[in-house]
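The primary structure of each chain is shown beneath.
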Amino acid sequence: MSSKALSAIIRHERAAQEVAGLTHRIGVKLGHCPISRMPADDESKIDDKGRIKTHLWHAFRHREPSSCGWGEAGLCEDGIADALSSGSEYACRHCKRAYQLILRRKDARQELGNARRAIRTMGRAALSTQGAIWERLP
Ligand SMILES: [Zn+2]
């Protein structure tokens, strides 16, 4: 295996492990949210996918009048971070930290996609020297 191919595989694996690690840490942070720690004894505390309606859940679904004056819009990234900050409507340090990790995971997923595309590009280049695979099928 060429060093370029090995580097691409390592890049992919590093990104995959970072995404998995961040996903785990997000779950841990959301588990510390006071809403998560209360008994889910009421259906109104759980969404239709079985998730607890944490402060983060509410911030993601918050709607307010659109700036264009027509309809409603969700919060932008900064708006969500502000809404989770101290003194705001959904203030919760655990949900805020989870949101910061979600933004980091978004970047990590982008890197994972870039790494996957780099590997596929190398794979296609290697195959092109052998002719299309469907031409060699029995
Ligand atoms: Zn919370």
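Details of the structure are given in the entry above.
Residues numbered from 1 in each chain as written. Predicted model: local features only at pLDDT ≥ 70, side-chain atom pairs only at ≥ 80, totals over all residues.

## Thoughts on the overall build of the chain
Okay, step 1: Secondary structure assignment for the chain yields five helices and two strands.
Okay, step 2: Overall, the chain shows an N-to-C arrangement of helices and strands of α-α-α-β-β-α-α.
Okay, step 3: The globule rule puts the C-alpha radius of gyration for 138 residues at 14 Å, and the 22 Å found for the chain is more than 25% above it.
Okay, step 4: Relative to its 138 residues, the chain shows a buried fraction of 19%.
Okay, step 5: Partitioning the intrachain contacts of the chain with sequence separation of at least 6 by distance along the chain shows that 55% fall at a separation of at least 24. (Helix = DSSP H or I, 4+ residues; strand = E, 2+ residues; numbered from the N terminus. Rg over C-alpha atoms; globule rule 2.2 N^0.38 Å. Buried ≥ 20, exposed ≤ 12 C-beta atoms within 10 Å, placed from the backbone. Contact = placed C-beta atoms within 7 Å.)

## What about the environment of Cys33?
Okay, step 1: Among the structural elements, Cys33 can be located in the loop between helix H1 (3-32) and helix H2 (34-37).
Okay, step 2: Each residue touching Cys33, except ones within four places of it in the same chain, is listed here: Thr54, His55, Cys92, His94 and Cys95.

## Re the nonpolar core
Okay, step 1: Within the largest apolar cluster, 20 residues are counted, with the highest numbers of intra-cluster contacts made by Leu56, Ala59, Leu84, Tyr90, Cys95, Ala98 and Tyr99.
Okay, step 2: Sorting the residues of this core by element identifies H1, helix H3 (55-61), helix H4 (77-83) and helix H5 (93-128) as the ones contributing at least two each.
Okay, step 3: When residues of this core are assigned to their parent elements, the largest contribution, seven residues, is made by H5. (Core = buried A, V, L, I, M, F, W, Y, C linked by C-beta atoms within 7 Å.)

## As for H5
Okay, step 1: Between its terminal C-alpha atoms H5 stretches 52 Å, which fits the 52 Å expected from 36 residues at 1.5 Å a residue.
Okay, step 2: All of the buried residues along H5 are His94, Cys95, Lys96, Ala98, Tyr99, Leu101, Ala108, Leu112 and Ala115.
Okay, step 3: Those residues of H5 that are buried lie in contact with H1, H3 and H4. (Expected span 1.5 Å × (residues − 1).)

## Overview of H1
Okay, step 1: Between its terminal C-alpha atoms H1 stretches 43 Å, which fits the 44 Å expected from 30 residues at 1.5 Å a residue.
Okay, step 2: For H1, every residue scored as buried is listed here: Ala8, Ala15, Leu22, Lys29 and Leu30.
Okay, step 3: Against H2, H3 and H5 lie the buried residues of H1.

## Regarding the environment of Ile46
Okay, step 1: Tracing the chain through its elements places Ile46 in the loop between H2 and H3.
Okay, step 2: Classification of Ile46 by C-beta neighbours within 10 Å gives partly exposed; the count is 14.
Okay, step 3: Setting aside residues no more than four positions away along its own chain, Ile46 makes contact with Ala40, Arg51, Ile52 and Lys53.

## Quick word on the packing of H1 against H5
Okay, step 1: Direction vectors running N to C along H1 and H5 enclose 160°, while the axes themselves pass 8 Å from each other. When the axis of H1 is compared with that of H5, the two are roughly antiparallel. Every pair of crossing elements has a handedness; the one defined by H1 and H5 is left-handed.
Okay, step 2: Its residues placed into classes, the contact of H1 with H5 shows 19 nonpolar, four polar and ten charged. (Axes fitted to C-alpha atoms, helices over the stretch in contact; angles between N-to-C directions. Parallel < 35°, antiparallel > 145°, perpendicular 65-115°, else oblique. Left-handed = near helix turned anticlockwise from the far one by under 90°. Nonpolar A, V, L, I, M, F, W, Y, C, P; charged D, E, K, R; others polar.)

## Remarks on the environment of Arg124
Okay, step 1: By the element assignment, Arg124 lies in helix H5.
Okay, step 2: Classification of Arg124 as exposed rests on a count of 9 C-beta atoms within 10 Å.

That is the geometry; function is a separate question.
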